[in-house]
Amino acid sequence: MARSRADCLGLDLRDPLAEQRGAFALPDGVVYLDGNSLGALPKATMPRLRQLVENEWGRGLIGSWNDAGWIDAPRRVGAKVARLIGAADDEVICADSTSVNLFKALAAALRLQHAAAPECDVILSELGNFPTDHYIAQGITEMFGGRYNLLTVPGDEIAYHIDEGTAVLLLTHVNYRTGRMHDIEDLTHRAHLSGALTVWDLSHSAGAVPLDLARARADFAVGCGYKYLNGGPGAPAFVFAARRHLQAMHADRFAQPVAGWFGHRAPFDFSTEYEPAAGIDRFAAGTPSIIALAALECGVDSVLAAGVEPLRAKSLQLMQLFIDLVEQRCAGLGLQLLSPRDPSQRGSQVCYAHDDAWPVMQALVARGVVGDYRAGDAGAPGILRFGFAPLYVRFVDVWDAVEILRDTLAARSWDQPQFQARRVVT
Ligand SMILES: Cc1ncc(COP(=O)(O)O)c(C=O)c1O
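First things first, this report covers the structure right here in the doc. Quick caveat, the model's predicted, so the values are computed rather than measured. Every chain begins its residue count from 1, and numbering advances along the sequence as written. It should be noted that, the model being predicted, local features are given only for residues of pLDDT at least 70 and side-chain atom pairs only at 80 or more, the latter also being counted only at that level, while totals for whole chains, interfaces and linings use all residues. Just so you know, side-chain values use all the structure's heavy atoms and leave hydrogens and water out.

**Digging into the packing of helix H13 (residues 357–366) against helix H14 (residues 395–410)**
Across the interface, H13 lies against H14 with an axial gap of 10 Å and an inter-helix angle of 130°. Between H13 and H14, the angle falls in the class oblique. As for the relative orientation of H13 and H14, their crossing is right-handed in sense. Packed against H13, whose contacting residues are Val360, Ala363 and Leu364, the element H14 presents Ile404, Leu405, Thr408 and Leu409 at the interface. Gly counts as polar in this scheme, as do all residues outside two lists: the nonpolar Ala, Val, Leu, Ile, Met, Phe, Trp, Tyr, Cys and Pro, and the charged Asp, Glu, Lys and Arg. Of the residues contributing to the contact of H13 with H14, the split by class is six nonpolar, one polar and no charged. Under this scheme, a helix contributes an axis fitted over its contacting stretch, all axes are lines through C-alpha atoms, and angles between N-to-C directions fall in the 0 to 180 degree range. Only DSSP runs of H or I with at least four residues qualify as helices, and only runs of E with at least two residues qualify as strands; both kinds are numbered from the N terminus onward. Working definition: roughly parallel below 35 degrees, roughly antiparallel above 145 degrees, roughly perpendicular at 65 to 115 degrees, and oblique for all remaining angles. Working rule for handedness: look at the near helix, and if it is turned counterclockwise from the far one by less than a right angle, call the crossing left-handed; if clockwise, right-handed. Here a residue-residue contact requires only that any non-hydrogen atoms of the pair lie within 4.5 Å.

Written as structure tokens, this is what we have:
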């Protein structure tokens, strides 16, 4: 019997998730390695949105808030996300964007800390965290009139900087440029030992990496709906608050600062006094986007159908195959691996630095291999990012992607004017 290419590498690449790919509408001839930025379209989303628009909105009109369960959608989808991140059903709600949820969660964490330990004044984060996380923290320090300082340190030094001055540890679990993954349990434990609270950004891990927020005793978390959760462009994000904090907030009668009517105890009482809802509902603000939530629900269902553990197992195999093949086939072609080699420290993406990363990625996209580009640190080469969404990325895609990458680099086919032009979205 002929040996397969996988046999030659000594890998056992049977794919228990092979059938899941059929549940996605992917164009022929495209190797989609950008599900860490925008997840693919689940086929189930299309009829669901049609039904929602035609029947629930078109015919049911305003009655659908009650009759079609619209009013429960943020909590219902939140409860599904909770199963992916190791939280209880009533600790997660889907609403707003990740940035807005970060603002709400960070402000709530600081408010709790201020009540418990007013002398703590540092928001500790990682240099090179996703910019919105920095911006939100900067905005909050300004809003509090300088009471808090934002301290950003290299990722591998975080543990040494957690001390009794730390009010909140604000971290993204999986770094967007390198794929490096923090140990949530360890860092949360260290934060708690110093009396700090944690806010985790799970945008690059929810739906791709097993998470157990309950076990880690995480305090607050947020994450995107449009990446590995396949909720569609601009999908609502999620926010998690541990039940113990929701109870403390309730006892103190304080809410998060975007205290809109959907976070009110009884929005349809239309009372002029704000009284926050008892539980995670207080993290809602305005009227939820029902169409977007319906799409997000289909996306989250696609992840639940596969289960996060099998997804992680396949993702690790896909990434190992990619790294091994790039090493074999692209040696001497200017790629430098930026992601950790140790799979336990990596999310679900593999990134390489290259001096001509931008045109190289444009040339790859032109040949149907869709990853993306991120700028490197000042003076450092740009970054080629390849995301491995195991629901629909196949092993054969990895072979094809590496062969096209090799061709592109070896023949310098990226070195053409049409691949130099910058576009708004990278
Ligand atoms: C780590 C991280 N946090 C937050 C965001 C932004 O989320 P949003 O646009 O929903 O505010 C992103 C977007 O890519 C991200 O990668």
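**What to know about the sheet that holds strand E4 (residues 149–153)**
Pairing between strands requires that DSSP locate at least two bridges from one strand to the other. Here we have seven strands laid out as an open sheet, ordered E2-E8-E7-E6-E5-E3-E4, and mixed in their pairing. A strand with exactly one partner marks an edge of an open sheet, and here the two such strands are strand E2 (92–95) and E4. Along the sheet, successive strands turn relative to each other by an average axial angle of 20°, direction set aside. Note: strand E3 (residues 122–126) against strand E5 (residues 166–172), three bridges, orientation parallel. Residue leucine 124 lies in a different strand from E5, and its bridge partner there is leucine 169. Packed on one face of the sheet, helix H4 (residues 73–85) meets E2 and strand E8 (237–241) and runs near 120° to E2.

**Remarks on unusual backbone geometry**
Here aspartate 96, not a glycine, exhibits a phi torsion of approximately 55°, which is positive. Relative to the elements of secondary structure, aspartate 96 occurs in the loop between E2 and helix H5 (98–116). Per-residue accessibility, obtained with a 1.4 Å probe over protein chains only, is compared with the maximum for each type, and a residue is labelled buried under 20%, exposed over 50%, and partly exposed between these values. Looking at aspartate 96, the relative accessible area reads 33%, which means it is partly exposed. Although it is not a glycine, arginine 217 adopts a positive phi angle of roughly 55°. Along the polypeptide, arginine 217 turns up in the loop between helix H9 (213–216) and strand E7 (220–223). Arginine 217 sits in the partly exposed class, given a relative accessible area of 46%.

**Quick notes on the environment of glutamate 19**
Topologically, glutamate 19 is positioned in the loop between helix H1 (5–8) and strand E1 (31–32). Note: C-alpha distance between glutamate 19 and leucine 391 (372 residues apart in sequence) is 8.8 Å.

**Points about the side chain of aspartate 372**
Within the secondary structure, aspartate 372 sits in strand E12 (residues 372–374). The class of aspartate 372 is buried, set by a relative accessible area of 2%. Side-chain atoms alone can form a polar contact between residues adjacent in sequence; in general such a contact is a pair of N or O atoms within 3.5 Å, and within protein one must be able to donate a hydrogen while the other accepts it. A distance of 3.4 Å separates a polar atom in the side chain of aspartate 372 from a polar atom in the side chain of serine 37. There is a polar contact of 2.7 Å between the side chain of aspartate 372 and the side chain of arginine 385. With residues near it in sequence (within four places) discarded, aspartate 372 still touches Asp34, Ser37, Met361, Ile383, Leu384, Arg385 and Thr426.

**Topic: the side chain of arginine 346**
Mapped onto the fold, arginine 346 is located in the loop between strand E9 (336–337) and strand E10 (349–354). In this tally, Asp and Glu contribute negative charge and Lys and Arg positive charge; neither His nor the terminal groups of the chain are included. For salt bridges, the criterion is a side-chain nitrogen of Lys or Arg within 4 Å of an Asp or Glu carboxyl oxygen. Although arginine 346 is buried, it makes no salt bridge; aspartate 342 carries the closest opposite charge, 6.7 Å away. A polar atom in the side chain of arginine 346 sits 2.8 Å from the backbone oxygen of proline 340. One polar contact links the side chain of arginine 346 to the main-chain carbonyl oxygen of arginine 341, over a distance of 2.9 Å. In contact with arginine 346, other than residues within four places in its own chain, are Gly179, Met181, Arg312, Met319, Gln320, Ile323, Ser339, Pro340 and Arg341.

**Regarding the pairing of E3**
With five of its five residues buried, E3 lies for the most part within the structure. Burial along E3 is two-sided: Val122, Leu124 and Glu126 and Ile123 and Ser125, pointing in opposite directions, are all buried. Seen with its strands pointing away from the viewer, a crossover is right-handed when the path leading from the first strand over the helix to the second is clockwise. Tracing the backbone out of E3, into helix H6 (residues 131–143) and back to the parallel element E4 gives a crossover that is right-handed.

So far we have only geometry, and geometry alone does not tell us how the molecule works.
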